[in-house]
Every structure is written in structure tokens, then in C-alpha cells.
Amino acid sequence: MRSIRQRPGRFLATLLSAFLGAVIIMTFNSMHDTAGQPGVDSVSSETLSTAAGVVGGYGTLLVFFAVASTLTVNVRQRAAEMELLRCSGATPAQIKRMVVGEAVAVALVGTALAIGPAVLGGRALLGVFQDSGQVARSVDHSFGPVALQTGAGITLLAAAGAAFLAVRRATGGGRRRGRARTVLAYAALVAGAVSVTSTFVFSATDAALMAPPAYGAILLSVGCALKAPRLLAGVLDRLPLGGASGWLAVRNLRERAGQLAGILMSLILFTAVATATLTMQAVESDAVAASGAVKSVDAKNLETLNFTVVGIIVVFVCVMLVNSLYAATTYREREFGQQRLAGASPGQVLGVVGAEGLVLTVTGVCCGTLAALAGIVPFTVVRTDAVLPEQAFGVWLAVVAVAAAVTLGTGLATARRVLRTPAVRAVASAA
């Protein structure tokens, strides 16, 4: 805990991830508390419980990815500190306990800070359901033990697990973890392919038609995300970038492929889930409108959940990308100083950072798009007899714009800030 008091700034990214994760988890799980109140009708109770269950699952996954991404960057930046501790006699087990303890302490603070916003968020969410007619006006919001226990438990477990994996990789065991990641990646790809294929078993009017392609696209994106380092290496081997900036960007990306895996994973998941979910929901809404039918309560629930899930993913991915890119770029202060002392201008350094961001964005968007199309096409074929819906292009452009703006904008803005430090001072202070 001493390192937290000495350098609290390095833990701000983890604190922000834990805070947002706890807010989301407690906000939606408060719907369980609300649904469990006496006097709540069955339709309202089912709507609230479904929202809490579906989004709570997504929230758990996103919290783990967000905290793991920020902690991985944090642990890598502390490699010299950990090596000094090992040389001083600390064992790997002691270092693991230290890092895990720090992560849990930070997550506990984030969870405590999240209680107030979660209460307000739960009331606002209940109001959305009531305004759409999915929940009765007589239902009052309740923030109770389910919200508190799940928020604290999931956030703390995610922080502890992510910290353990990050420090384990830094202190040894990377090869075994690499094999486990490969097995999980292929398992997710196979499960995603099976889920997507099962779409053709359903009829066009089946209420559960959207579930198999949506989950299939998510699993395929998870499989691609787990293969992020190899995907990036394969792209770099075939990348025709010329000029000094392009050559240096490819070289930097190749050397830091493992460190940038978290950023690429975020881009793949964001592109796939947002594109697939929004496109399929647009196709479904247009098909219902064209038939002249009125949406059922279940259909309204599904539409609300789809938009809510995408909104959560957008917020979390933006936080993950900003945190990871900011930390990774700030850590390169000495590298940028050395490049400038070697004759590179600030504009050339920014050009390298921009080229790196562009490669990451294109790679993540392409992989995420393929995973999204794997779910969109079967759904569209069954629902409308078309192959590729006309709504897909507009949704895809919006998703790509957000991904590019966050990735390139954060990287360039942070690099510009780092370059304000004189080159000699940057090299000397980071030495």
C-alpha cells in the first residue's frame, strides 16, 4: 500500500475502470432488488430481472477486460521496480501478493465511490423502462443487498484476478499462459461458428432469432481478440508502409505487439459487438414496421437491452482505450526524447505515433467487422431473405468513426503532451 500513497497517479486508470464497472454492475443489479419488492407485478418483475441478468453478464466481462487492460500496463511499467524487489530478496509470491493487494485496495475505493452514482443510475434506468411502458409506474426503485454484493464482489474479484494474471506474466509463466490463451481462442471461435450456424434452425418470426447470431458474433470477436498479438504480427509482416515514419512505426509495433494486445482486443470487441447488435436491431425494427405489427413487451425489452449493452460497451471501450493508450504513450517519454536527440522533429515523432494508431485501428476494425458480418448475414438471410442489410453500412461507419477518433485522438494528444518536455530532460528523468 506504500506505493499507492507514494505514487497515486499510476493507479488512477485502475480506479476509474473499477469505479465505472461498479457503477454499471450495481445500477443494473439494483433492478433485481427492485423486482423483488412486494407488490411488483409479474410483467414488471420479468422486465427488470431480464435487464439485470443480461447486462449484468456483459458488465462482468467488461469490468474484467477493463481492469485487466489497465493493470497490465501498470505492471509492465513497474518492471524495473519489481526486478529491484527481486534482487533485494522478495520472492515472486510476495510480489504477487503486493500487486494483488494494491489492486483490491484500489478497486474497493472505486466500489465505494460508485454507490452514489449507481443509485442515481438505477433510478434513471427504472424511469426509462416506465416511460416505454415496460414497467408499471407504481414500482419504486430499490437499491439493496443484491446490488451491493454483486457490485463489490465482481469488481474486487475482477481486480484480484486481473492483477494476478498480469503480475504472473511479468514474473514468469508466460509460455503456459500463451498456450491457455490459444486454447481459449480456438474454443471461442468454434463455439461462435456453431452459434452463428444455428441461426438457420429458427424461423423468421421466432422471438429468439436474434440470440444465436448475436452471441456467435460476440464469441467470434472474443476468439479474434485473444489472438490479437498474432493477428497484429501477421498484419505487420504484410504491411507496405514506406518512409522513415512508416518503417519506425512497424518496428515499434512489432516489438510491442504483446503490450498492445489489450488495445487491439478492445477495438475488435467494440467493432464486432456494436456493429452486429445495432445492425440486427435496425433490421428487426424495420421488419416489424414493414409488417404493420406492434412490438410486444418482450420485443421492447430486447430493443432496450440491445441499445443499453451497446452504450455500456462504448463507454467501457473508450475508457479502456484512453487509459491504455495514455499510460502506454506517457511511458514512452524517454523513447521520444532519444528519437529527438537523434535528429527526429516533433512532427516526425507524431507521425510515427499516428501511423501506429492507424495500423491498430485498421487491424481491430477489420477483425471486428468480419466477426460482426458472421452474425449479421445469417440473421438477415433468415429474417428478410436479403444477404447484407442496407442499414449495415451506416452503422459500420459510425462505429469506425468512434474507434478511430478514440484511438488516434488519444495517442496523438498524449504524444503531443509528452513532447512538451525537453528531449534532454525526458531522457535524463526517465533513466
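For the structure given in this document, a descriptive report is provided here. Fair warning: this is a prediction, and the values are worked out from it, not measured in the lab.

Cut-offs used in this document
- Residues numbered from 1 in each chain as written.
- Predicted model: local features only at pLDDT ≥ 70, side-chain atom pairs only at ≥ 80, totals over all residues.
- Heavy atoms only, no water.
- Helix = DSSP H or I, 4+ residues; strand = E, 2+ residues; numbered from the N terminus.
- Buried < 20%, exposed > 50% of the residue type's maximum accessible area, 1.4 Å probe, protein only.
- Contact = heavy atoms within 4.5 Å.
- Areas by Shrake-Rupley, 256 points an atom, 1.4 Å probe, with all protein chains shown as cover.
- Disulfide = S-S within 2.5 Å.
- Patch = residues over 30% accessible without salt bridge, like charges linked within 9 Å, V, L, I, M, F, W, Y side chains within 5 Å.
- Salt bridge = Lys/Arg side-chain N within 4 Å of Asp/Glu carboxyl O.
- Core = buried A, V, L, I, M, F, W, Y, C linked by side-chain atoms within 4.5 Å.
- Expected span 1.5 Å × (residues − 1).
- Bend = angle between axes of the 7 residues up to and from the residue.
- 1 Å grid on protein atoms, 1.4 Å probe; cavity = no way out; pocket = protein on both sides within 12 Å on 5 of 7 lines; lining within 4 Å.
- Points joined across faces, edges and corners; volume = space filled by probe spheres on them.
- Nonpolar A, V, L, I, M, F, W, Y, C, P; charged D, E, K, R; others polar.
- Phe/Tyr/Trp six-rings, centres within 6.5 Å; stacked < 30°, edge-to-face > 60°.
- Axes fitted to C-alpha atoms, helices over the stretch in contact; angles between N-to-C directions.
- Parallel < 35°, antiparallel > 145°, perpendicular 65-115°, else oblique.
- Left-handed = near helix turned anticlockwise from the far one by under 90°.

Counting its regular elements, the chain contains 16 helices and zero strands. Looking at the chain as a whole, 48% of its 431 residues are labelled buried. Once local pairs closer than 6 in sequence are excluded, the contacts in the chain between residues at least 24 apart make up 84%. Carbon and sulfur atoms provide 66% of the accessible area of the chain, an area that totals close to 19200 Å².

Applying the stated criterion to the full structure yields zero disulfides. Here Cys224 stays free of any disulfide, with the sulfur of Cys367 as its closest cysteine sulfur at 5.5 Å.

The grouping of Leu370, Leu373, Val387 and Leu388 at the surface amounts to a nonpolar patch, some 380 Å² of accessible area in total. Residue placement: Val387 occurs in the loop between α14 (346–384) and α15 (391–418).

This brings us to the nonpolar core. Counting residues in hydrophobic clusters, the biggest one holds 34 residues, and the most contacted among them are Ile263 and Leu360. Of all elements in the fold, only α7 (174–197), α8 (211–226), α9 (228–237), α10 (243–255), α11 (261–291), α12 (297–330), α14 and α15 reach the threshold of two or more residues within this core. If one sorts the elements of this core by residue count, α11 sits on top with 10 residues. In terms of nonpolar packing, the next biggest core, distinct from the first, is built from 18 residues, Val40, Val135, Val139 and Ile312 among them.

Once that is clear, we can look at helix α5 (residues 92–131). The end-to-end C-alpha distance of α5 is 55 Å, a good match for the 58 Å that 40 residues give at a rise of 1.5 Å each. Roughly 40° is the biggest bend found in α5, and it falls at Ile115, with proline Pro117 one to four residues downstream. One or two residues past the end of α5 sits Gly133, with phi positive at roughly 80°.

A few words now on empty space enclosed by the protein. Empty space left among the atoms is revealed by rolling a probe the size of a water molecule over them. Within this structure, the stated rule accounts for three cavities of 30 Å³ or more. As a volume, the largest cavity reaches approximately 140 Å³. Around the largest cavity, the lining comprises 17 residues; the ones closest to its centre are Leu325, Thr329, Val353, Glu356 and Gly357. Those elements giving two or more residues to the lining of the largest cavity turn out to be α12, α14 and α15. Of the residues belonging to the lining of the largest cavity, the class tally is nine nonpolar, five polar and three charged.

As a further point, take the packing of aromatic side chains. Evaluated as defined, the whole model comprises one aromatic pair. For the pair Phe393 and Trp396, a centre-to-centre distance of 6.4 Å together with 25° between the ring planes defines the contact as stacked. Of this pair, Phe393 and Trp396 both sit in helix α15, three residues apart, roughly one helical turn. Note on Phe393: relative accessible area 55%, which makes it exposed.

Bringing the environment of Leu165 into the picture now. Note on placement: Leu165 falls in helix α6 (residues 145–171). When the C-alpha positions of Leu165 and Lys96 are compared, they lie 9.2 Å apart, and in sequence the two are 69 residues distant.

With that settled, the discussion passes to unusual backbone geometry. For Asp385, which is not glycine, the phi torsion reads 70° and is therefore positive. Tracing the sequence through the fold places Asp385 in the loop between α14 and α15.

Assignment of secondary structure puts Thr410 in helix α15. Setting aside residues no more than four positions away along its own chain, Thr410 makes contact with Val322, Leu325, Tyr326 and Ala405.

Between two packed helices, the angle of one axis relative to the other and the distance separating the axes together describe the packing. Contact pair α8 / α14: the axes reach a minimum separation of 7 Å and the direction vectors enclose 165°. Looking at the two axes, α8 sits roughly antiparallel to α14. Of the two elements, α8 crosses α14, and the hand of that crossing is right-handed. Two secondary-structure elements touch here, α8 through Pro213, Ala217, Leu220 and Ser221 and α14 through Ala371, Ala372, Ala374, Gly375 and Phe379. Residue composition of the contact of α8 with α14, grouped by class: seven nonpolar, two polar and no charged.

Packing of α8 against α11 brings their axes to within 8 Å, and their N-to-C directions diverge by 165°. Viewed along their axes, α8 and α11 adopt a mutual orientation that is roughly antiparallel. The hand of the α8/α11 crossing is right-handed. Across the interface between the two elements, Pro213, Ala214, Ala217, Ile218, Ser221, Val222, Cys224, Ala225 and Leu226 of α8 pack against Met265, Ile268, Leu269, Ala272, Val273, Ala276 and Met280 of α11.

With respect to the helices and strands, Val128 occurs in helix α5. Between the C-alpha atoms of Val128 and Thr304, which are 176 residues apart in sequence, the distance is 8.9 Å.

With that settled, consider α11. Between the first and last C-alpha of α11 there are 45 Å, a value that for 31 residues agrees with the 45 Å anticipated at 1.5 Å per step. Most of α11 sits out of view: 23 of its 31 residues are buried. Downstream of α11 by one or two residues, Gly292 has phi in the positive range, about 80°.

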